[in-house]
Amino acid sequence: MRELVTIQVGEFANFVGSHFWNFQDELLGLADDPQSDPIFKNQHLNMDVLYRTGETLKGTLTYTPRLVSVGLQGSLGSMGSCGTLYNEDLSAPSDVTWSGTISTHTSEPQKKNLFLQSLEDEEQGKNGSTEKSNSGREIQDKDIVECLDNGVKCWTDYSKVHYHPQSLYELSGLWVDSQEFDSYGIGRDVFSKGSRGEEICERLRFFVEECDHIQGFQFIVDDSGGFSPVAADFLENIVDDYTSTPVLLYSVRSPSSHMTFRSRKQMVPRDLHDAVSFTRLSSSCKLIVPIGLPFLSRSKASSFFCIKDEKPYYSSAVYAAALHSNSIPFRMEPLGPAADFGDVSGAVDVNGVTQLLGEQARQNKVTILDIAMPAPALTGKQGANFLLGNLHPLTPEVAEDVEDSQALELMTIHGALASGGDQALVSEVRNAIHASYEYAIIRPMICQLSVARCPLPIPLPFPSIFGNLVGQHGELLDSPIVGSCPRSSLDVNSIPIAARLRSSSAILPFLQNRLGNLCRFGIERGAPGAELLRSWGFGNDDVEDMREAVSKMVAALDPYSQVSSDSD
């Protein structure tokens, strides 16, 4: 087995991660449910890649994510920092040797919402279609859905997963409500201050050392504010401690981080933050995937959704679905020579992905993430072309309709539907995609295709974002469903998805914008952000090194670009 350790740093990263782990928990539950669709019982996905087995001090067996999550104090809502599964281990020892005075400081615990109450009742054995909460009122699924759509404040509000006590780390002394943690300077010394960095690295070491053959780190960071330097410092430690272990880095942003109107004076720190954040993060990973459209609701990627950009609970669900799809090849069980006729095909590990996309041809480590969600059915001669045409970027500032004959791709398609709404065979999907690319005028230099028959299950706490053209199993309908819109997890049980990681010159606008802003606001004579960069701890040589690093990325994708080495 090739284990994967996941790291989540920052509030929005944990919003994304909460949905990601809900998907995994749903897959585990469906695999054990005798009433579920057989497609979920034969997933051929090794969940041990993401999960670890263990037991509590009282001998209760556990199965928890191999995860380190970092956030501010108070960001866990009603959940304790040890999670919910190991609370029984937290009782005070019977032998007390301290004889001095004791002072206790307590705060009122946050009230659990209907969803968390229902989970608690289920744990206590109160099963059934309706359940009674602690107040005695019956909790129904529609009440839970409505509660979450209107009331999610923390990522734990909709988490249905048990976490190991080593997984959840709160940055001591930094409270959610005490300050805005939204600039690079605020987070600059957070990791190194006190024992925080040592404690976070120790938690990671706990999970890594019990791995037999770790394949890599899946790192998700909210890079829109103060968590970016925290993650950058953490990444540098990871590179030092685990030199040969690749890092696949997702830098994620909520649409709400783009929504605040900013004057030019406010835009200078933001643009410099983006340039510095990207440069530092990309320097310590094998592959970086920027994710986060300014207006997801207006994008082509959300054609079949009803998204509320101001709610991170909504956008994080879409991004988490894409990350789930990308992770499927990392845990496919090998089926031998006849894999094309089984339920999965195209297994690859993190190292294989980073070598394919980041170390071949132009040595480009900045990758675009595209998604078709739900993926159109493979019907008719144009079925695969229609599916490929519905792949749209979740990466911002990407050029459209770029013809790049040196592009490299890793595409994952799972749960694809054939004519009549039946599940398409793996061989049918592969043949359709290969045929579509074979006759294309412009096609990627390399396309690694991974296919699984298991679709994305939609768990109860998934937000109500589906439009009225999406059917119960994610099929795209010819005419809209009459009734309320958007549709929830009570209406849509599963969906097919196509996701693609793409190394392409279409990322050039993203890189050029960061290079231009770094030069304009931080390097050129009279630059308005030069003093700000110094306050963040970056001298002239540091800034010049950053400019050189991004210049090389631009030149690798566009050898004819006019990248001057002159800083003025």
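Everything numeric in this text was worked out from a predicted model, so none of it was measured.

## Brief notes about the overall build of the protein chain
The helix and strand inventory of the protein chain stands at 14 helices and 18 strands. Out of the 568 residues belonging to the protein chain, those deemed buried represent 54%. With the model as given, the accessible surface of the protein chain reaches about 25,100 Å², and the carbon-plus-sulfur share is 48%.

## Regarding the pattern of salt bridges
Any two side chains of opposite charge can pair, so long as their charged atoms come close to each other. Enumeration according to the criterion identifies 22 salt bridges in this entry. In this structure, Lys160 and Glu26 form a salt bridge, with 3.1 Å as the shortest nitrogen-oxygen distance. Note that Lys160 is positioned in the loop between helix H4 (141-151) and strand E7 (168-175) and Glu26 in helix H1 (residues 11-32), a separation of 134 residues in sequence. When the shortest N-O distance is used, the salt bridge between Glu548 and Arg547 registers 3.0 Å. Overall, the relative accessible area of 2% leaves Arg547 in the buried class. Several salt bridges converge on common partners, so that one network encompasses Asp370, Glu409, Arg500 and Arg502.

## Digging into helix H8 (residues 312-327)
If you check H8, its first and last C-alpha atoms are 22 Å apart, about what 16 residues at 1.5 Å a residue would give, namely 22 Å. The element H8 is extensively covered by neighbouring structure, given that 15 of its 16 residues are classed as buried.

## Digging into the sheet that holds strand E11 (residues 344-345)
Spatially, E11-E15-E14-E18-E12-E13 is the arrangement adopted by the six strands of the open sheet, whose pairing is mixed. Looking along the sheet, the strands with just one partner apiece sit at the ends: E11 and strand E13 (392-393). Both strand E12 (residues 368-372) and strand E18 (residues 497-503) contribute to a ladder of five bridges, which runs antiparallel. Its bridge partner being in E18, Ile368 is matched across the sheet by Arg502. The sheet contacts of H8 involve E12, strand E14 (408-414) and E18, and relative to E18 the element is tilted by about 75°. Helix-sheet contacts for helix H9 (residues 350-358) involve E14, strand E15 (446-452) and E18, and the interaxial angle to E14 is about 135°.

## Things to note about the pairing of strand E10 (residues 287-291)
On a regular strand, each side chain points to the face opposite its neighbour's, so the side chains alternate between the two faces of the sheet. Burial analysis of E10 places five of its five residues in the buried class, which makes it a mostly covered element. Here E10 shows two buried faces, one formed by Leu287, Val289 and Ile291 and the other by Ile288 and Pro290. Taken together, the five bridges between strand E9 (residues 247-252) and E10 define a ladder with parallel strand orientation. Looking at the pairing, Tyr250 lines up with Val289 of E10.

## Here's the deal with the environment of Ser484
Topologically, Ser484 is positioned in the loop between strand E16 (456-457) and strand E17 (494-495). In this structure the C-alpha to C-alpha distance between Ser484 and Gly467, which are 17 residues apart in sequence, comes to 9.4 Å.

## Thoughts on the confidence of the model for the protein chain
Considering every residue of the protein chain, the mean pLDDT works out to 88; 88% of them sit at 70 or more. In the model, residues 88-96 has pLDDT below 50 throughout and makes seven contacts with residues more than four positions away in sequence or in other chains. Taken as a whole, residues 126-136 scores under 50 in pLDDT and shows 21 contacts with residues more than four places along the chain or in a different chain.

## Details of the sheet that holds strand E4 (residues 67-73)
Read from one edge to the other, the open sheet built from six strands follows the order E7-E4-E1-E8-E9-E10, with strand pairing classed as parallel. Each end of this open sheet is capped by a strand with a single partner; those strands are E7 and E10. Adjacent strand axes in the sheet meet at a mean angle of 15° when their direction is disregarded. Pairing geometry for strand E8 (residues 216-222) and E9, over six bridges, is parallel. The partner of Phe217 across the bridge, within E9, is Val247.

## Some remarks on unusual backbone geometry
The omega torsion across Met373 and Pro374 is -5°, close enough to zero to call that bond cis. When you line up the elements, Pro374 lands in the loop between E12 and helix H10 (383-389). For Asp401, which is not glycine, the phi torsion reads 55° and is therefore positive. Looking at where Asp401 falls in the secondary structure, it is placed in the loop between E13 and E14.

Criteria and thresholds
- Residues numbered from 1 in each chain as written.
- Predicted model: local features only at pLDDT ≥ 70, side-chain atom pairs only at ≥ 80, totals over all residues.
- Heavy atoms only, no water.
- Helix = DSSP H or I, 4+ residues; strand = E, 2+ residues; numbered from the N terminus.
- Buried < 20%, exposed > 50% of the residue type's maximum accessible area, 1.4 Å probe, protein only.
- Areas by Shrake-Rupley, 256 points an atom, 1.4 Å probe, with all protein chains shown as cover.
- Salt bridge = Lys/Arg side-chain N within 4 Å of Asp/Glu carboxyl O.
- Expected span 1.5 Å × (residues − 1).
- Pairing = 2+ DSSP bridges.
- Contact = heavy atoms within 4.5 Å.
- Axes fitted to C-alpha atoms, helices over the stretch in contact; angles between N-to-C directions.
- pLDDT = per-residue confidence, 0-100.

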